[in-house]
Amino acid sequence: MIKVGVLGARGRMGTAVCQAVGAASDLELAVTVDQGDDRQALALCDAVVDFTAPAEVLGNLEWCIGQGLNMVVGTSGFSPERLETVAGWLDKAPDVRVMIAANFSVGAVLMMRFAAQAAGFFESAEIIELRHANKVDAPSGTAARTADLISAARAAAGLGEVPDATTTAAEGARGALQEGVHVHSVRLPGVVAKQDVIFGDPGETLTIAHNSINRASFMPGVLLAIRAVASRPGLTFGLEPLLGLEGPA
Ligand SMILES: NC(=O)c1ccc[n+]([C@@H]2O[C@H](COP(=O)([O-])OP(=O)(O)OC[C@H]3O[C@@H](n4cnc5c(N)ncnc54)[C@H](O)[C@@H]3O)[C@@H](O)[C@H]2O)c1
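Note that the structure is predicted; figures quoted are calculated from it, not measured. (Residues numbered from 1 in each chain as written. Predicted model: local features only at pLDDT ≥ 70, side-chain atom pairs only at ≥ 80, totals over all residues. Heavy atoms only, no water.)

Draft legend 1. Inspection of the packing of helix α1 (residues 12-23) against helix α6 (residues 219-228) at higher detail. Contact geometry for α1 and α6: axes closest at 10 Å, N-to-C directions at 65 degrees. Between α1 and α6 lies a crossing of right-handed hand. Along the contact surface, α1 presents Met13, Ala16, Val17, Ala20 and Val21, while α6 presents Met219, Val222, Leu223 and Ile226. Partitioned by chemical class, the residues of the contact of α1 with α6 number nine nonpolar, no polar and no charged. (Axes fitted to C-alpha atoms, helices over the stretch in contact; angles between N-to-C directions. Helix = DSSP H or I, 4+ residues; strand = E, 2+ residues; numbered from the N terminus. Left-handed = near helix turned anticlockwise from the far one by under 90°. Contact = heavy atoms within 4.5 Å. Nonpolar A, V, L, I, M, F, W, Y, C, P; charged D, E, K, R; others polar.)

Structure representation (structure tokens):
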């Protein structure tokens, strides 16, 4: 049995993770921790899952790595600089393994991969992402990662900047620019996570759309990561290698 601890256990994702771990015959929900609880109880766990908040997750990572605890992290907000910080901590703790994924849904991982495959063939690309009304950060980690992948694929294909004829715009009307890709963030009650990646060329558009209808969509990926984290040295970023999707998109 893999003993699992959950940080952010009373949150939306944490609650779903606790249920999914509790229902898995090879996993034991050993410790649940939320704000104000003592983290020390996590010390007996084989893997600690973090779904807390971008402002909290680095502190949790530093503490868990210091305690020698493997981690599966779904909390958003991992810029390249933050990933480097985590990699630096892991260099000093070679026995600890960490897996971070911007999106644990298999459909979303495939959506990002298909977007990366399409990106080199179209003049323009924009992202519209929808999330629930209580999300504290924008754009979503998934949208940011999709934009990064599109940007890299465009560069590899020799494409320059996305053309934009806008000369006047209300503030925010063209969305945020993430690695040169316009990202439009919508926040609404009733939504879990939805993203459309729209590509445009003269005479045609291609839309790659993904919809997480409820949080069950993330659980197979989270459980896969919990089972795999101990066997992957260092830092693993993204669910792709666990799905056999390593290598160029
Ligand atoms: N990777 C993915 O697939 C995926 C999917 C959905 C959401 N997310 C991300 O997961 C994070 C959590 O999302 P949510 O909707 O569950 O948020 P939420 O606000 O419902 O839950 C967060 C929980 O963490 C707790 N918390 C905050 N700081 C803590 C700390 N230091 N220690 C312990 N607990 C702490 C809060 O009290 C709360 O219960 C967000 O960053 C969100 O963007 C990722």
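Right, picking up where we left off after that structure.
Draft legend 2. Expanded view of the site of the ligand. Looking at the ligand, there are 23 residues lining it, with Arg12, Met13, Asp34, Phe104 and Lys135 nearest. Within the contact set of the ligand, a nitrogen atom lies 3.0 Å away from a backbone nitrogen or oxygen of Ala101. Measuring from an oxygen atom of the ligand, one finds a side-chain N or O atom of Lys135 at 2.8 Å. Here the ligand has 870 Å² of accessible area as a free molecule, and 82% of this is covered by the chains. Ranked by residues supplied to the shell around the ligand, first place goes to helix α2 (residues 54-66) with three residues. (Near = heavy atom within 4 Å. Polar contact = N/O pair within 3.5 Å; in protein donor to acceptor, adjacent residues only side chain to side chain. Areas by Shrake-Rupley, 256 points an atom, 1.4 Å probe, with all protein chains shown as cover.)

Draft legend 3. Examining the pattern of salt bridges more closely. This model, assessed by the stated rule, comprises ten salt bridges. Residue Asp37 is joined to Arg10 by a salt bridge in which the shortest nitrogen-to-oxygen separation is 3.3 Å. With Asp37 in the loop between β2 (27-33) and β3 (47-50) and Arg10 in the loop between β1 (2-7) and α1, the pair connects residues that are 27 residues apart, well separated along the chain. Note on Asp37: relative accessible area 33%, which makes it partly exposed. When the shortest N-O distance is used, the salt bridge between Asp196 and Lys194 registers 3.3 Å. (Salt bridge = Lys/Arg side-chain N within 4 Å of Asp/Glu carboxyl O. Buried < 20%, exposed > 50% of the residue type's maximum accessible area, 1.4 Å probe, protein only.)

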